[in-house]
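Read off the chains here:
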Amino acid sequence: MGKIIAIANQKGGVGKTTTAVNLSAALAEAGKKVLMTDLDPQGNTTSGLGGRVSDRNSVYDAMMGRAALKDCIQKTEIKKLHLIGSDIRLAGAEVELVSLDEREFYLKKLLGPVRGDYDFIFVDCPPSLSLLTLNALAAADTVLVPIQCEYYALEGVSSLMSTIQRVKKSFNPRLEIEGILLTMLDGRTNLGIQVVDQVKKHFKKAVFATTIPRNVRLGEAPSHGQPINLYDPKSTGALAYQSLAREVIARNKGKK
């Protein structure tokens, strides 16, 4: 049974989509079967993996019952990595879902039949605490939270944690934290080191040992429609996500 991990932080610019693209790719490269679900209407994870969507094969079409899920799953350049893509039409799902019964569970119902086909299913959430994010949290087993190594690193995370607790109480009692990931670290600055210490003090063992550095190649890769392990496999960004993948595998070893 595949584990569903939501990648969420309502604060934008924290490396959420970069992590979605590159962690899923690194896990697939390590031999795991991975499904990446892009639940952000901006569709950056989709384009970052070289995906394309038509008007009949996006996550929006699948959630709204306008297309079969099997017709919405795309192959990527990486053999064991599949993608359910997104585009701006997904923004309309917020309006369409709001009046429906059990509107928080549409993604859970969608992914349920394919859980057995994958080791990991990731959901890249929009940078907001929206109905789409609630769908992701209701479907997920755990949440991976990227936090940028900057002065206001913990700003907004308390709101996300409160939302997670509300989701646990109302929709998904099994939901847990997969881990806190520190991103965009500039190890040359005192501020970066201070933020790392602050986050580790606050979240303790939930923080991944791996940190993601600031890396030019990580920023370039999306424009080529490739994850970093294809674009520049020897870059510090690629090595960091390989390390994170090994850590995720180790944390989930023996778990069902």
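Scroll up a little and you will see the structure.
Since this is a predicted model, take the numbers as computed values, not measurements. (Residues numbered from 1 in each chain as written. Predicted model: local features only at pLDDT ≥ 70, side-chain atom pairs only at ≥ 80, totals over all residues. Heavy atoms only, no water.)

This next bit is on the packing of aromatic side chains. In the structure shown here, the tally under the stated rule is two aromatic pairs. An angle of 80° between the planes, with centres 5.7 Å apart, marks the rings of Phe105 and Phe171 as edge-to-face. Of this pair, Phe105 sits in the loop between helix 4 (91-97) and helix 5 (106-111) while Phe171 sits in the loop between helix 7 (157-170) and strand 7 (176-185), placing them 66 residues apart in sequence. Classification of Phe105 by relative accessible area gives buried; the value is 18%. Centroid distance Phe120 to Phe122: 6.1 Å. Interplanar angle 25°. Geometry classified as stacked. (Phe/Tyr/Trp six-rings, centres within 6.5 Å; stacked < 30°, edge-to-face > 60°. Helix = DSSP H or I, 4+ residues; strand = E, 2+ residues; numbered from the N terminus. Buried < 20%, exposed > 50% of the residue type's maximum accessible area, 1.4 Å probe, protein only.)

This part is about the packing of helix 1 (residues 16-29) against helix 11 (residues 236-251). Where helix 1 contacts helix 11, the axes come no closer than 8 Å and their chain directions differ by 70°. If you check the angle between helix 1 and helix 11, you find them roughly perpendicular. Helix 1 and helix 11 meet at a crossing whose hand is right-handed. Between helix 1 and helix 11, the contacting residues are Thr18, Thr19, Asn22, Leu23, Ala26, Leu27 and Glu29 on the first element and Tyr241, Gln242, Leu244, Ala245, Val248 and Ile249 on the second. Among the residues making up the contact of helix 1 with helix 11, the classes are represented as eight nonpolar, four polar and one charged. (Axes fitted to C-alpha atoms, helices over the stretch in contact; angles between N-to-C directions. Parallel < 35°, antiparallel > 145°, perpendicular 65-115°, else oblique. Left-handed = near helix turned anticlockwise from the far one by under 90°. Contact = heavy atoms within 4.5 Å. Nonpolar A, V, L, I, M, F, W, Y, C, P; charged D, E, K, R; others polar.)

Relative to the helices and strands, Glu176 resides in strand 7. Glu176 sits 20 residues away from Gly156 along the chain, and the two C-alpha atoms are 18 Å apart. Discounting chain neighbours no more than four positions away, the residues touching Glu176 are Asp141, Thr142, Val143 and Lys168. Within the structure, the side chain of Glu176 is placed 3.2 Å from the side chain of Lys168, a separation counted as a polar contact. (Polar contact = N/O pair within 3.5 Å; in protein donor to acceptor, adjacent residues only side chain to side chain.)

With respect to burial, strand 7 is a largely interior element, seven of its 10 residues being buried. Taken together, the seven bridges between strand 6 (residues 142-148) and strand 7 define a ladder with parallel strand orientation. Bridge pairing links Val145 to Ile180 in strand 7. The parallel pair strand 6 and strand 7 is bridged by helix 7, and the resulting crossover is right-handed. Bridge count between strand 7 and strand 8 (residues 207-213): three bridges; the pairing is parallel. Pairing of Leu185 across the sheet is with Pro213, part of strand 8. (Pairing = 2+ DSSP bridges. Right-handed = clockwise from strand over helix to strand, strands pointing away.)

You can see Lys3 is positioned in strand 1 (residues 3-7). Sequence-distant contacts of Lys3, that is, excluding residues within four places in its chain, are made with Arg115, Asp119, Phe120, Ile121, Asp141, Thr142, Glu178 and Asn252.

What follows is about helix 1. With 14 residues, helix 1 should reach 20 Å at 1.5 Å per residue; the first-to-last C-alpha distance of 20 Å fits that figure. Within helix 1, 12 of the 14 residues are buried, which leaves the element mostly enclosed by the surrounding structure. By the burial criterion, the buried members of helix 1 are Lys16, Thr17, Thr19, Ala20, Val21, Asn22, Leu23, Ser24, Ala25, Ala26, Leu27 and Ala28. (Expected span 1.5 Å × (residues − 1).)

This part covers the packing of helix 6 (residues 131-139) against helix 7. Packed helix pairs are characterised by how far apart their axes lie and by the angle those axes make with each other. Across the interface, helix 6 lies against helix 7 with an axial gap of 10 Å and an inter-helix angle of 60°. Between helix 6 and helix 7, the interaxial angle falls into the category oblique. Helix 7 is crossed by helix 6, and the crossing has right-handed handedness. Between helix 6 and helix 7, the contacting residues are Leu134, Leu137 and Ala138 on the first element and Thr163, Ile164 and Val167 on the second. Here the contact of helix 6 with helix 7 is composed, by residue class, of five nonpolar, one polar and no charged.

What follows concerns the nonpolar core. Leu39, Met63 and Leu107 are the most contacted members of the largest nonpolar core, which totals 50 residues. Those residues in contact with Met63 that lie beyond four places of it in its chain are Leu39, Leu90, Leu97, Tyr106, Leu107, Leu110 and Asn135. The next biggest cluster of nonpolar side chains, apart from the first, holds 31 residues, and it includes Ala20, Leu181, Ala240 and Ala245. (Core = buried A, V, L, I, M, F, W, Y, C linked by side-chain atoms within 4.5 Å.)

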